[in-house]
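Descriptive analysis of the structure
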Amino acid sequence: MNSNEPPQVRGSSQAPTLEVRDLSRTYGSGDAAVQALRHVSFEIAPGDMVCIMGRSGSGKSTLLRQLGLLDTPTSGQVFLDGADVTRIRESRRRVLRLGHLGYVFQEYALLPELTAEENVYLPSLMTGSPLRQSRSRARELLAMLDLEERARHRPSELSGGQQQRVAIARAMVNRPTVLFADEPTGNLDTVSSEMVMTALARMNEELGVTILFVSHDPDHLRFAKNTIILRDGELAESAY
Ligand SMILES: Nc1ncnc2c1ncn2[C@@H]1O[C@H](COP(=O)(O)OP(=O)(O)O)[C@@H](O)[C@H]1O
Ligand SMILES: [Mg+2]
(Lines give C-alpha, C1' and ligand atoms only; values in the text may rest on other atoms or scores of the structure.)
(Ligands and ions follow the chains in the order given, each with its own letter.)
Protein backbone atom coordinates (compact mmCIF):
# COMPACT_ATOMS: atom_id res chain seq x y z
CA MET A 1 0.00 0.00 0.00
CA ASN A 2 1.14 3.50 -0.71
CA SER A 3 -1.67 5.95 -0.25
CA ASN A 4 0.46 9.02 -0.85
CA GLU A 5 1.07 8.23 -4.48
CA PRO A 6 -1.42 8.68 -7.29
CA PRO A 7 -3.17 5.54 -8.57
CA GLN A 8 -1.09 5.39 -11.73
CA VAL A 9 2.35 4.43 -12.92
CA ARG A 10 4.25 7.49 -14.09
CA GLY A 11 6.46 7.10 -17.10
CA SER A 12 4.77 3.88 -18.18
CA SER A 13 4.46 3.54 -21.94
CA GLN A 14 1.38 1.34 -21.60
CA ALA A 15 -2.04 2.95 -21.94
CA PRO A 16 -3.85 3.07 -18.61
CA THR A 17 -6.41 0.30 -18.19
CA LEU A 18 -8.89 2.92 -17.02
CA GLU A 19 -8.84 6.66 -17.34
CA VAL A 20 -11.41 9.03 -15.96
CA ARG A 21 -11.53 12.64 -17.14
CA ASP A 22 -13.53 15.29 -15.34
CA LEU A 23 -16.27 12.82 -14.52
CA SER A 24 -19.51 14.03 -12.93
CA ARG A 25 -22.79 12.28 -12.20
CA THR A 26 -25.82 14.15 -10.97
CA TYR A 27 -28.98 12.26 -10.02
CA GLY A 28 -32.31 14.04 -10.50
CA SER A 29 -32.66 17.72 -11.33
CA GLY A 30 -33.60 21.09 -9.90
CA ASP A 31 -33.95 21.27 -6.13
CA ALA A 32 -33.82 17.48 -5.86
CA ALA A 33 -30.51 17.17 -7.73
CA VAL A 34 -27.78 15.17 -6.00
CA GLN A 35 -24.24 15.68 -7.27
CA ALA A 36 -22.89 12.22 -6.49
CA LEU A 37 -19.61 12.71 -8.40
CA ARG A 38 -17.94 16.04 -9.12
CA HIS A 39 -15.17 16.49 -11.68
CA VAL A 40 -13.23 13.36 -10.81
CA SER A 41 -10.07 12.57 -12.82
CA PHE A 42 -7.53 9.75 -12.39
CA GLU A 43 -5.79 6.87 -14.16
CA ILE A 44 -5.49 3.21 -13.25
CA ALA A 45 -2.47 1.32 -14.57
CA PRO A 46 -2.69 -2.28 -15.85
CA GLY A 47 -2.45 -4.80 -13.01
CA ASP A 48 -3.24 -2.30 -10.30
CA MET A 49 -5.30 -3.18 -7.25
CA VAL A 50 -7.02 -0.07 -5.95
CA CYS A 51 -9.00 0.41 -2.77
CA ILE A 52 -11.75 3.04 -2.96
CA MET A 53 -12.59 4.49 0.41
CA GLY A 54 -14.90 7.19 1.69
CA ARG A 55 -17.92 7.62 3.91
CA SER A 56 -21.31 6.26 3.06
CA GLY A 57 -22.83 8.52 0.39
CA SER A 58 -19.45 9.84 -0.83
CA GLY A 59 -20.02 8.43 -4.34
CA LYS A 60 -18.07 5.14 -4.29
CA SER A 61 -20.81 3.00 -5.84
CA THR A 62 -21.66 5.75 -8.31
CA LEU A 63 -18.01 5.85 -9.40
CA LEU A 64 -17.83 2.07 -9.86
CA ARG A 65 -21.06 2.09 -11.87
CA GLN A 66 -19.68 4.71 -14.28
CA LEU A 67 -16.40 2.81 -14.69
CA GLY A 68 -18.19 -0.53 -15.01
CA LEU A 69 -20.47 0.78 -17.78
CA LEU A 70 -23.54 0.15 -15.64
CA ASP A 71 -24.56 3.83 -15.80
CA THR A 72 -23.81 6.88 -17.97
CA PRO A 73 -22.12 9.95 -16.47
CA THR A 74 -23.71 13.40 -16.66
CA SER A 75 -20.43 14.79 -18.04
CA GLY A 76 -16.81 13.77 -18.47
CA GLN A 77 -15.25 10.70 -20.05
CA VAL A 78 -14.25 7.12 -19.24
CA PHE A 79 -11.52 5.38 -21.26
CA LEU A 80 -11.05 1.62 -21.16
CA ASP A 81 -7.68 0.44 -22.56
CA GLY A 82 -7.30 3.81 -24.27
CA ALA A 83 -10.73 3.79 -25.95
CA ASP A 84 -13.45 6.28 -25.04
CA VAL A 85 -16.35 4.14 -23.84
CA THR A 86 -18.46 6.94 -22.35
CA ARG A 87 -21.17 7.11 -24.97
CA ILE A 88 -20.88 3.92 -26.97
CA ARG A 89 -23.95 1.96 -28.12
CA GLU A 90 -25.73 -0.23 -25.60
CA SER A 91 -24.96 -3.36 -27.64
CA ARG A 92 -21.23 -2.58 -27.42
CA ARG A 93 -21.49 -1.85 -23.70
CA ARG A 94 -23.13 -5.23 -23.20
CA VAL A 95 -20.27 -7.00 -25.00
CA LEU A 96 -17.71 -5.18 -22.84
CA ARG A 97 -19.61 -5.89 -19.61
CA LEU A 98 -19.87 -9.60 -20.36
CA GLY A 99 -16.42 -10.20 -21.79
CA HIS A 100 -14.06 -7.53 -20.47
CA LEU A 101 -15.39 -6.46 -17.09
CA GLY A 102 -16.18 -8.46 -13.96
CA TYR A 103 -18.42 -7.52 -11.06
CA VAL A 104 -18.66 -8.60 -7.45
CA PHE A 105 -21.36 -7.11 -5.23
CA GLN A 106 -21.94 -7.10 -1.50
CA GLU A 107 -24.95 -9.45 -1.88
CA TYR A 108 -23.13 -12.18 -3.92
CA ALA A 109 -26.09 -12.28 -6.37
CA LEU A 110 -25.73 -15.99 -7.17
CA LEU A 111 -28.63 -17.82 -8.84
CA PRO A 112 -30.14 -20.02 -6.08
CA GLU A 113 -31.26 -22.88 -8.37
CA LEU A 114 -27.81 -23.37 -9.88
CA THR A 115 -24.80 -25.10 -8.33
CA ALA A 116 -21.65 -23.13 -7.58
CA GLU A 117 -20.04 -24.49 -10.74
CA GLU A 118 -23.06 -23.64 -12.90
CA ASN A 119 -23.16 -20.12 -11.48
CA VAL A 120 -19.50 -19.70 -12.41
CA TYR A 121 -19.71 -20.95 -15.99
CA LEU A 122 -23.02 -19.36 -16.98
CA PRO A 123 -21.41 -16.08 -18.20
CA SER A 124 -18.98 -18.17 -20.24
CA LEU A 125 -21.88 -19.96 -21.98
CA MET A 126 -23.42 -16.54 -22.62
CA THR A 127 -20.39 -15.56 -24.72
CA GLY A 128 -20.90 -18.68 -26.84
CA SER A 129 -18.11 -20.79 -25.34
CA PRO A 130 -18.76 -24.56 -25.42
CA LEU A 131 -20.00 -26.22 -22.22
CA ARG A 132 -16.94 -28.43 -21.75
CA GLN A 133 -14.55 -25.53 -21.98
CA SER A 134 -16.73 -23.31 -19.78
CA ARG A 135 -17.02 -26.00 -17.12
CA SER A 136 -13.32 -26.72 -17.08
CA ARG A 137 -12.53 -23.01 -16.67
CA ALA A 138 -15.07 -22.85 -13.81
CA ARG A 139 -13.46 -25.82 -12.09
CA GLU A 140 -10.01 -24.30 -12.45
CA LEU A 141 -11.16 -21.08 -10.79
CA LEU A 142 -13.07 -22.85 -8.03
CA ALA A 143 -9.97 -24.96 -7.31
CA MET A 144 -7.84 -21.82 -7.16
CA LEU A 145 -10.22 -20.45 -4.54
CA ASP A 146 -10.26 -23.69 -2.50
CA LEU A 147 -13.86 -24.42 -3.43
CA GLU A 148 -13.32 -27.68 -5.34
CA GLU A 149 -15.37 -29.63 -2.84
CA ARG A 150 -18.22 -27.15 -3.05
CA ALA A 151 -18.59 -27.11 -6.84
CA ARG A 152 -21.84 -29.12 -6.81
CA HIS A 153 -23.41 -27.26 -3.89
CA ARG A 154 -26.15 -24.69 -4.25
CA PRO A 155 -25.61 -21.21 -2.76
CA SER A 156 -27.92 -21.98 0.20
CA GLU A 157 -25.50 -24.76 1.22
CA LEU A 158 -22.54 -22.39 1.30
CA SER A 159 -21.36 -19.86 3.87
CA GLY A 160 -21.37 -16.16 3.00
CA GLY A 161 -17.63 -16.17 2.44
CA GLN A 162 -17.85 -19.24 0.18
CA GLN A 163 -20.67 -17.66 -1.82
CA GLN A 164 -18.63 -14.52 -2.30
CA ARG A 165 -15.66 -16.56 -3.52
CA VAL A 166 -17.98 -18.30 -6.00
CA ALA A 167 -19.06 -14.83 -7.13
CA ILE A 168 -15.38 -13.90 -7.63
CA ALA A 169 -14.83 -17.05 -9.72
CA ARG A 170 -17.91 -16.14 -11.78
CA ALA A 171 -16.60 -12.60 -12.30
CA MET A 172 -13.31 -14.07 -13.59
CA VAL A 173 -14.69 -16.76 -15.90
CA ASN A 174 -14.49 -14.65 -19.07
CA ARG A 175 -10.98 -13.40 -18.25
CA PRO A 176 -11.92 -9.75 -17.68
CA THR A 177 -9.44 -6.90 -17.92
CA VAL A 178 -10.95 -5.20 -14.88
CA LEU A 179 -12.84 -6.53 -11.89
CA PHE A 180 -15.05 -4.20 -9.83
CA ALA A 181 -15.92 -5.22 -6.29
CA ASP A 182 -18.34 -2.96 -4.41
CA GLU A 183 -18.00 -3.69 -0.68
CA PRO A 184 -17.37 -7.39 -1.32
CA THR A 185 -16.88 -8.03 2.39
CA GLY A 186 -19.73 -5.81 3.59
CA ASN A 187 -21.80 -8.75 4.86
CA LEU A 188 -18.94 -10.88 6.17
CA ASP A 189 -17.20 -11.52 9.48
CA THR A 190 -13.48 -10.84 9.86
CA VAL A 191 -12.31 -14.37 9.02
CA SER A 192 -14.47 -14.64 5.87
CA SER A 193 -13.50 -11.10 4.86
CA GLU A 194 -9.85 -12.03 5.04
CA MET A 195 -10.45 -15.06 2.77
CA VAL A 196 -12.39 -12.98 0.26
CA MET A 197 -9.73 -10.26 0.16
CA THR A 198 -7.02 -12.92 -0.21
CA ALA A 199 -9.02 -14.45 -3.08
CA LEU A 200 -9.20 -11.06 -4.83
CA ALA A 201 -5.48 -10.49 -4.31
CA ARG A 202 -4.74 -13.91 -5.88
CA MET A 203 -6.81 -13.01 -8.94
CA ASN A 204 -4.82 -9.79 -9.22
CA GLU A 205 -1.40 -11.37 -8.71
CA GLU A 206 -1.79 -14.68 -10.52
CA LEU A 207 -4.22 -13.78 -13.30
CA GLY A 208 -3.18 -10.14 -13.70
CA VAL A 209 -6.67 -8.68 -13.57
CA THR A 210 -6.86 -5.01 -12.58
CA ILE A 211 -9.07 -4.67 -9.49
CA LEU A 212 -10.98 -1.76 -8.00
CA PHE A 213 -12.60 -2.61 -4.71
CA VAL A 214 -14.59 -0.60 -2.20
CA SER A 215 -14.05 -1.21 1.49
CA HIS A 216 -14.77 0.53 4.76
CA ASP A 217 -12.16 -1.48 6.61
CA PRO A 218 -8.78 0.29 6.89
CA ASP A 219 -7.26 -3.15 7.43
CA HIS A 220 -8.01 -3.91 3.76
CA LEU A 221 -5.62 -1.19 2.60
CA ARG A 222 -2.84 -3.76 2.91
CA PHE A 223 -4.36 -5.63 -0.05
CA ALA A 224 -4.27 -2.49 -2.22
CA LYS A 225 -1.42 -1.14 -4.32
CA ASN A 226 -3.10 2.27 -4.51
CA THR A 227 -5.95 4.12 -2.87
CA ILE A 228 -8.66 6.48 -4.04
CA ILE A 229 -10.45 8.46 -1.36
CA LEU A 230 -13.76 10.14 -2.12
CA ARG A 231 -15.31 12.91 -0.08
CA ASP A 232 -18.71 14.29 -1.06
CA GLY A 233 -18.25 13.12 -4.63
CA GLU A 234 -14.78 14.60 -5.01
CA LEU A 235 -11.33 13.06 -4.94
CA ALA A 236 -9.95 13.86 -1.50
CA GLU A 237 -6.58 15.60 -1.49
CA SER A 238 -4.98 12.80 0.45
CA ALA A 239 -5.21 10.43 -2.50
CA TYR A 240 -2.72 12.65 -4.28
N1 LIG B 1 -30.18 6.29 -8.12
C2 LIG B 1 -29.99 7.36 -7.33
N3 LIG B 1 -30.86 8.40 -7.32
C4 LIG B 1 -30.67 9.47 -6.54
N5 LIG B 1 -29.62 9.62 -5.71
C6 LIG B 1 -28.72 8.62 -5.65
C7 LIG B 1 -28.86 7.43 -6.45
N8 LIG B 1 -27.81 6.62 -6.18
C9 LIG B 1 -27.05 7.25 -5.27
N10 LIG B 1 -27.59 8.45 -4.95
C11 LIG B 1 -27.03 9.46 -4.03
O12 LIG B 1 -25.74 9.78 -4.52
C13 LIG B 1 -24.81 9.93 -3.44
C14 LIG B 1 -23.68 8.92 -3.61
O15 LIG B 1 -24.21 7.61 -3.45
P16 LIG B 1 -23.33 6.29 -3.60
O17 LIG B 1 -22.55 6.38 -4.84
O18 LIG B 1 -24.24 5.14 -3.44
O19 LIG B 1 -22.35 6.44 -2.34
P20 LIG B 1 -21.49 5.33 -1.55
O21 LIG B 1 -21.42 4.11 -2.40
O22 LIG B 1 -20.17 5.99 -1.32
O23 LIG B 1 -22.20 5.09 -0.26
C24 LIG B 1 -25.62 9.75 -2.14
O25 LIG B 1 -26.02 11.01 -1.71
C26 LIG B 1 -26.81 8.93 -2.63
O27 LIG B 1 -27.92 9.16 -1.80
MG1 LIG C 1 -21.98 2.16 -2.03
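This one's a predicted model, so the numbers in the text were calculated from it and none came from an experiment. (Residues numbered from 1 in each chain as written. Chains lettered and ligands numbered in written order. Predicted model: local features only at pLDDT ≥ 70, side-chain atom pairs only at ≥ 80, totals over all residues. Heavy atoms only, no water.)

Observations regarding the overall build of the protein chain
Across its full length, the protein chain holds six helices and ten strands. Over its C-alpha atoms the protein chain spans a radius of gyration of 18 Å, differing by no more than 12% from the 18 Å that the globule rule assigns to 240 residues. Its C-alpha atoms give the protein chain principal-axis dimensions of roughly 50 × 45 × 40 Å. Taking all 240 residues of the protein chain together, 50% fall into the buried category. Excluding contacts between residues fewer than 6 apart, the proportion of contacts in the protein chain whose partners are at least 24 apart in sequence is 72%. Surface accessibility of the protein chain: about 11,500 Å² in total, with carbon and sulfur atoms responsible for 47%. Here the protein chain contributes 27 positive and 30 negative side-chain charges, whose respective centroids are spaced 6 Å apart. (Helix = DSSP H or I, 4+ residues; strand = E, 2+ residues; numbered from the N terminus. Rg over C-alpha atoms; globule rule 2.2 N^0.38 Å. Buried < 20%, exposed > 50% of the residue type's maximum accessible area, 1.4 Å probe, protein only. Contact = heavy atoms within 4.5 Å. Areas by Shrake-Rupley, 256 points an atom, 1.4 Å probe, with all protein chains shown as cover. Lys, Arg positive; Asp, Glu negative; His and termini not counted. Charge placed at Lys NZ, Arg CZ, Asp CG, Glu CD.)

Structural notes on the sheet that holds strand S1 (residues 18-27)
With antiparallel pairing, the four strands of this open sheet are ordered in space as S2-S1-S4-S5. A single partner strand is all that each edge strand has here, and the edge strands are strand S2 (34-44) and strand S5 (83-84). Docked against the sheet, helix H1 (residues 60-67) engages S1, S2 and strand S4 (75-80), running at close to 120 degrees with respect to S1. (Pairing = 2+ DSSP bridges. Axes fitted to C-alpha atoms, helices over the stretch in contact; angles between N-to-C directions.)

As for the site of ligand 1
Taken together, the residues surrounding ligand 1 are Tyr-27, Val-34, Ala-36, Arg-55, Ser-56, Gly-57, Ser-58, Gly-59, Lys-60, Ser-61, Thr-62 and Arg-65. Gly-59 places a main-chain nitrogen or oxygen 3.1 Å from an oxygen atom of ligand 1. In isolation ligand 1 has 560 Å² of accessible area, and contact with the protein removes 60% of it. Examining the composition of the shell around ligand 1, we find that four residues originate from one element, H1, more than from any other. Partitioned by chemical class, the residues of the shell around ligand 1 number three nonpolar, six polar and three charged. (Near = heavy atom within 4 Å. Polar contact = N/O pair within 3.5 Å; in protein donor to acceptor, adjacent residues only side chain to side chain. Nonpolar A, V, L, I, M, F, W, Y, C, P; charged D, E, K, R; others polar.)

Focus: the side chain of Lys-60
With respect to the helices, strands and loops of the structure, Lys-60 is situated in helix H1. There is a polar contact of 2.9 Å between the side chain of Lys-60 and the backbone oxygen of Gly-54.

Some points on the pairing of strand S9 (residues 226-231)
The pairing of strand S3 (residues 49-53) with S9 spans four bridges and is parallel. Among the inter-strand pairings, Met-53 is bridged to a residue of S9, identified as Ile-229. Strand direction decides the pairing type here: S9 and strand S10 (residues 234-235), joined by two bridges, are antiparallel. When the bridges of S10 are listed, Arg-231 appears paired with Glu-234. In textbook terms, the turn of a hairpin is the stretch between consecutive antiparallel strands, and for S9 and S10 this stretch comprises two residues, one of which, Asp-232, has a positive phi near 45 degrees.

Comments concerning the packing of helix H5 (residues 160-172) against helix H6 (residues 190-207)
Following both chains from N to C, one finds H5 and H6 inclined at 20 degrees, their axes separated by 9 Å at the closest point. For the element pair H5 / H6, the angle class is roughly parallel. Judged by the twist between their axes, the crossing of H5 over H6 is right-handed. On the side of H5, the interface is formed by Gly-161, Gln-164, Arg-165, Ile-168 and Met-172, while H6 contributes Ser-192, Met-195, Val-196, Ala-199, Leu-200, Met-203 and Leu-207. Of the residues assigned to the contact of H5 with H6, the class counts are eight nonpolar, three polar and one charged. (Parallel < 35°, antiparallel > 145°, perpendicular 65-115°, else oblique. Left-handed = near helix turned anticlockwise from the far one by under 90°.)

Re the confidence of the model for the protein chain
Considering every residue of the protein chain, the mean pLDDT works out to 93; 93% of them sit at 70 or more. Counting contacts from residues 1-11, a segment whose pLDDT is below 50, to residues more than four positions away or on other chains yields 27 contacts. (pLDDT = per-residue confidence, 0-100.)

Considerations on H1
The element H1 is largely enclosed, with a buried count of six among its eight residues. Leu-69 lies just past H1 and shows a positive phi near 60 degrees.

Examining the pattern of salt bridges
Pairs can form between side chains of opposite charge whenever their charged atoms are close. Within this structure, the stated rule accounts for eleven salt bridges. A salt bridge links Glu-90 to Arg-93; the shortest N-O distance between them is 3.4 Å. Taken together, the positions of Glu-90 and Arg-93, both in helix H2 (residues 90-99) and three residues apart, correspond to about one turn of that helix. Note on Arg-93: relative accessible area 5%, which makes it buried. For Glu-90, the salt bridge identified is with Arg-97, shortest N-O distance 2.7 Å. Here Arg-97 falls in the buried class, since its relative accessible area comes to 19%. (Salt bridge = Lys/Arg side-chain N within 4 Å of Asp/Glu carboxyl O.)

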